[in-house]
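Okay, here's what each chain looks like letter by letter:
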Amino acid sequence: QVQLVESGGGLVQAGGSLRLSCAASGISISANTMAWYRQAPGKQRELVAEITSGSRTNYLDSVKGRFTISIDNAKNTVYLQMNSLKPEDTAVYYCAALVWYRSNPYWGQGTQVTVSS
């Protein structure tokens with residue numbers, strides 16, 4: 001059974017930083033594409049960052065230079081380091097595992113990030 005458990009969300013002032021973690025079980029994160037998505041109230045879920053099994057990364061334009069996705073293979077955990085946070089980064093952030101044998105990703109439960117101005 002695949003489980004993705006996010007942590008690290010919270011309330012932070014604009015300009016601050018947070019690090020989100022996604023601990024995976026039942027799946028090897030190094031063998032799959034792992035991603036962070038976010039969904040703000042009234043908006044569609046959007047891809048924030050992803051990292052492939054070959055360690056290639058891709059970022060939403062609005063977070064380039066501020067967010068960094070990384071993995072710790074030993075801990076089977078994916079991270080999203082978020083710096084210079086802005087109020088428009090406020091959303092529920094979801095960890096996702098994109099696997100070849102499913103048309104839909106595995107999802108975590110989400111963690112709330114709120115950035116105050």
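Figured I'd write up the structure that's included with this text. Nothing here was measured: the structure is a model prediction, and the numbers come from that model.

Our focus in this paragraph is the environment of threonine 52. Its location among the elements puts threonine 52 in the loop between β5 (46–51) and β6 (57–59). When the C-alpha atoms of threonine 52 and methionine 34 are compared, they prove to be 6.5 Å apart, with 18 residues separating the residues in sequence. Sequence-distant contacts of threonine 52, defined by excluding residues within four places in its chain, comprise Asn32 and Thr33.

Another point: the packing of aromatic side chains. Scanning the entire structure with this criterion turns up 4 aromatic pairs. Seen in terms of ring centroids, tyrosine 37 and tryptophan 107 are 5.0 Å apart; in terms of plane orientation they differ by 70 degrees. Their pairing is edge-to-face. Separated by 70 residues along the polypeptide, tyrosine 37 in strand β4 (residues 33–39) and tryptophan 107 in strand β10 (residues 106–107) bring together distant segments of the chain. On the basis of relative accessible area, tyrosine 37 is assigned to the buried category, the value being 16%. The class of tryptophan 107 is partly exposed, set by a relative accessible area of 35%. An aromatic cluster of at least three residues, connected via ring pairs, comprises Tyr37, Tyr94 and Trp107. One cation-aromatic arrangement involves arginine 45 over tryptophan 107; the distance from NZ or CZ to the ring centre is 4.5 Å. One Lys or Arg, arginine 102, reaches over the ring of tyrosine 106 and ends 4.0 Å from the middle of that ring.

Rules and cut-offs
- Residues numbered from 1 in each chain as written.
- Predicted model: local features only at pLDDT ≥ 70, side-chain atom pairs only at ≥ 80, totals over all residues.
- Heavy atoms only, no water.
- Helix = DSSP H or I, 4+ residues; strand = E, 2+ residues; numbered from the N terminus.
- Contact = heavy atoms within 4.5 Å.
- Phe/Tyr/Trp six-rings, centres within 6.5 Å; stacked < 30°, edge-to-face > 60°.
- Buried < 20%, exposed > 50% of the residue type's maximum accessible area, 1.4 Å probe, protein only.
- Lys NZ or Arg CZ within 6 Å of the ring centre and 35° of its normal.

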